[in-house]
Amino acid sequence: MVNWARRKSLWVLHYNSGGCNGCDIEILDLLTPRYDVERLGILKEASPRHADVLLCTGPVTRQSRDRMRRIYAQIPAPKWVVVIGSCGSSGGVFQGAPSVMGGVDQLLPVDMYVPGCPARPEAIIDAMAQLMEAIA
Amino acid sequence: MTHSLETILEALQATFPALSLDTRAMLTDETVISVPGDVLTEVVGELIESFDFYHLTTITGLDTGEGLVLLYHFWNIHGLTLYVALPYTEARVPTLTELIPGVAMYEREIHEMLGVDFTGLETSAPFLLPDDWDDTLPLRKQAVESEDEV
Amino acid sequence: MKSDKMIIPIGPQHPLLKEPIAFTLTVEGERVMEAGMRMGYVHRGIERLAQERSYVQTIHLVERVCGICSHVHATTYCQGVEALLGLEIPPRAQYLRALLCELERIHSHLLWLGVLGKNLGLDTIFMYAWRDREIVLDIMEDLSGGRVSHAINVIGGVRSDVDEAHCDEILRQLDLLTEPLARLVGLVEHERTLKARTQNVGHLSLEQIRRYCVVGPVARASGLDVDLRRDMPKAPYTDLSFKVITHTAGDVWARTLVRMQEAVESVRLCREILAQLPDGPISVKAKRRVPPGEVVSRAEAPRGELIYYIRSDGSEKPARLKIRTPTLTTLITLPEQLREVNMADVPAVLSGVDLCIACADR
């Protein structure tokens, strides 16, 4: 019962740990009339304490590392991490840069990867839908 | 009022007769003047006061393999770049923040990436590099080459 | 007496910020006394990475400096490399590049308007602006295959062409955009809440603009009449007519007006570009090895003057790539803008400069 309620209203927190902004604007696009993920119960939250899912974009820069850990710790369990875009999945074009750690899985346990540069809104919605199935 | 570049170059040569301000062209629509570091502030002051050349687009710092070079890219319809050559050790020029407050970020970045000292600039805090960065200067040639070897 | 001073951090994770940057506001009562900034959360070392990539690979690297203005980055870079190679790119390619530059300007300004609305709590503006922005993204996707990342530039021109039917389709879609855009401009000009929140907030005088070397809509909103498309004209802008929008109020409202009116001008420019599109090839062959030399390449990005300095040593990789993005010039004015501002006005000030931290940090 709780699982049903949970998957029908996944609230997301978006954090950009060093990306170019391409995936971020596609995530913001989800909230807008054409894609409108609120009909799936997804709301973008401001505080980690209110979120269920951490949507990560961008490669993890060394400067972002500690903050990301802290944000992840602040999200109450159960929580999921969905990585949006190639940079978050593997470092993308920035692989090998000394100030970049790499993909998000270098730091946090990732539940879902959405590749793309940037990932299309349809792909992100598909990922959220699959996450909802997995939670049920 | 825009002065032609020739007027500016003549006037600068007249104001600083002891120095040879070598000029050359750079692609695209850019004139380069070599300026010794010790008269940089005066030359920039002159450009701003007399010719309204106040817009400094940015400062490029680079490592040629033989030394460091600072390129001050000014723009007023035409591009004018001041070329300042510096040695690897004791690479130092005065800061231009009194004349052009907007220059602070460009100088801080060059200080961080190439190790050039800008006398009078506040550089205690890191700018772009992460807090846990060691002391390597990322844009010096040795730094890039050692990356390739690893 | 106990001090009223409090330190309020904004970022790196904050609902106001789409990208990580840390502001530290020292607040006394409701007024901001001082503002500090820590950048570097998005520093990927692109200038250094470019030294390890070939000239062609670097196109894709610089496109990802920023997702919002990716095309103008790639264009400025390619123009620099083409100058080093001594290449004249075909006129049709110049027009197609400019078309995408103007479309990018429209999409960037609409995006910004929506974000401003959202940050002020006026969510409806966000929804309307981003819904109308979808039209522009559709046009860009039809042109290049990507909504946000276009990859249309090659060294020597562009890689995809348009035929007559496609041009007609783009014109039809631009027609769809005209009325919504006019409505948004009207909203900025007349809507009382938006005006009340943005007028007399974040003021920058023309003198401050000049001292900080600020560029773009922020500079033009304070009266600086500079736009590189007109003042440093390269083809095809030499053959196109457009107004440079300036304002004198110098506050966040003036910046909003300037950006929206620029978007309207850009729609007009797109139509003119399509009407004058010359025939011919869309690219010329370029050598992989670039002869030694240096080039400074400038362009007018949506946020202002963008500069690329490229130094070549005769190999297949750039010896030095230096990028200065327009956001750096506006970021440096933020501590001054935030001084003596009420906490409630901080979102308007931070949004007014159209921050693109990915551009600033590189």
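Heads up: the structure comes first, above all this text.
Just so it is clear, the model here is predicted, and its values are computed rather than measured.

The rules behind these values
Residues numbered from 1 in each chain as written. Chains lettered and ligands numbered in written order. Predicted model: local features only at pLDDT ≥ 70, side-chain atom pairs only at ≥ 80, totals over all residues. Heavy atoms only, no water. Helix = DSSP H or I, 4+ residues; strand = E, 2+ residues; numbered from the N terminus. Rg over C-alpha atoms; globule rule 2.2 N^0.38 Å. Buried < 20%, exposed > 50% of the residue type's maximum accessible area, 1.4 Å probe, protein only. Contact = heavy atoms within 4.5 Å. Areas by Shrake-Rupley, 256 points an atom, 1.4 Å probe, with all protein chains shown as cover. Lys, Arg positive; Asp, Glu negative; His and termini not counted. Charge placed at Lys NZ, Arg CZ, Asp CG, Glu CD. Pairing = 2+ DSSP bridges. Axes fitted to C-alpha atoms, helices over the stretch in contact; angles between N-to-C directions. Buried area = accessible area lost by both parts, 1.4 Å probe. Salt bridge = Lys/Arg side-chain N within 4 Å of Asp/Glu carboxyl O. Polar contact = N/O pair within 3.5 Å; in protein donor to acceptor, adjacent residues only side chain to side chain. Nonpolar A, V, L, I, M, F, W, Y, C, P; charged D, E, K, R; others polar. 1 Å grid on protein atoms, 1.4 Å probe; cavity = no way out; pocket = protein on both sides within 12 Å on 5 of 7 lines; lining within 4 Å. Points joined across faces, edges and corners; volume = space filled by probe spheres on them. Parallel < 35°, antiparallel > 145°, perpendicular 65-115°, else oblique. Left-handed = near helix turned anticlockwise from the far one by under 90°.

A. Broad picture of the overall build of chain A. Regarding its fold elements, chain A presents five helices and seven strands. For chain A, the sequential pattern of α-helices and β-strands runs α-β-α-β-β-β-α-β-α-β-β-α. Its C-alpha radius of gyration of 14 Å places chain A within 12% of the 14 Å reference for a compact globule of 136 residues. When the backbone C-alpha atoms are referred to their principal axes, chain A occupies close to 45 × 30 × 25 Å. The 136 residues of chain A split such that 57% are buried. Considering only residue pairs separated by 6 or more positions, chain A has 80% of its internal contacts joining residues 24 or more positions apart. Carbon and sulfur atoms form 51% of the exposed surface of chain A, whose accessible area is close to 5,300 Å². Taking the average place of the 14 positive charges on the side chains of chain A and the average place of its 13 negative ones, the gap between the two points comes to 7 Å.

B. How the structure looks around the sheet that holds strand S2 (residues 30–34) of chain B. All names here are of chain B. Across the sheet, five strands lie side by side as S1-S2-S5-S4-S3; this open sheet has mixed pairing. Pairing within the sheet leaves two strands with one partner each, and these edge strands are strand S1 (23–26) and strand S3 (56–63). On average, each strand axis in the sheet is inclined to that of its neighbour by 25°, with strand direction left out of account. In terms of strand pairing, S3 meets strand S4 (residues 68–76) through seven bridges, oriented antiparallel. Across the sheet, residue Leu62 finds its bridge partner in S4, namely Val69.

C. Here's a closer look at the interface of chain A and chain B. Each partner contributes to the interface: chain A provides six residues, whereas chain B provides six residues. Counting each side, the surface lost to burial between chain A and chain B is near 520 Å², with a carbon and sulfur contribution of 47%. The largest per-residue losses of area from chain A upon contact with chain B belong to Arg62, Gln63 and Pro98 of chain A, which jointly make up 73% of the total buried on that side. Across the chain A-chain B interface, the total number found is two salt bridges. We note a salt bridge from Arg62 of chain A to Asp132 of chain B, for which the minimum N-O separation is 3.3 Å. Summed over the shared surface of chain A and chain B, the result is three residue pairs in polar contact (both at pLDDT 80 or more). Split into classes, the residues belonging to the side of chain A that touches chain B amount to one nonpolar, three polar and two charged.

D. A look at the pairing of strand S8 (residues 318–324) of chain C. Residue and element names in this part refer to chain C. By the criterion of burial, S8 is predominantly enclosed, with seven of the seven residues buried. The sheet contact formed by strand S7 (residues 304–312) and S8 spans six bridges and is antiparallel. Within the sheet, the bridge partner assigned to Tyr309 lies in S8 and is Lys322. Where S7 folds back onto S8 in an antiparallel hairpin, the turn is made up of five residues, including Gly314, whose phi is positive at roughly 95°.

E. Structural view of the layout of surface pockets. If you add up the space inside the largest pocket, you get close to 420 Å³. If you go around the largest pocket, you meet 20 residues; those closest to its centre are Ala104 and Arg108 of chain B together with Met37, Ile332 and Pro335 of chain C. Looking at the lining of the largest pocket element by element, the count peaks at four residues for strand S3 (residues 31–38) of chain C. In terms of residue class, the lining of the largest pocket is built from twelve nonpolar, three polar and five charged.

F. Inspection of the packing of helix H5 (residues 123–144) of chain C against helix H6 (residues 164–190) of chain C at higher detail. Residues and elements named next belong to chain C. One way to put it is that H5 packs onto H6 with a least axis distance of 10 Å and a crossing angle of 165°. Of the possible angle classes, the one that applies to H5 and H6 is roughly antiparallel. Both H5 and H6 take part in a crossing whose hand is left-handed. Contact residues: H5 offers Ile125, Tyr128, Ala129, Arg131, Asp132, Ile135, Val136, Asp138, Ile139, Asp142 and Leu143, while H6 offers His166, Ile170, Gln173, Leu174, Leu176, Leu177, Pro180, Arg183, Leu184 and Leu187. Of the residues belonging to the contact of H5 with H6, the class tally is 14 nonpolar, two polar and five charged.

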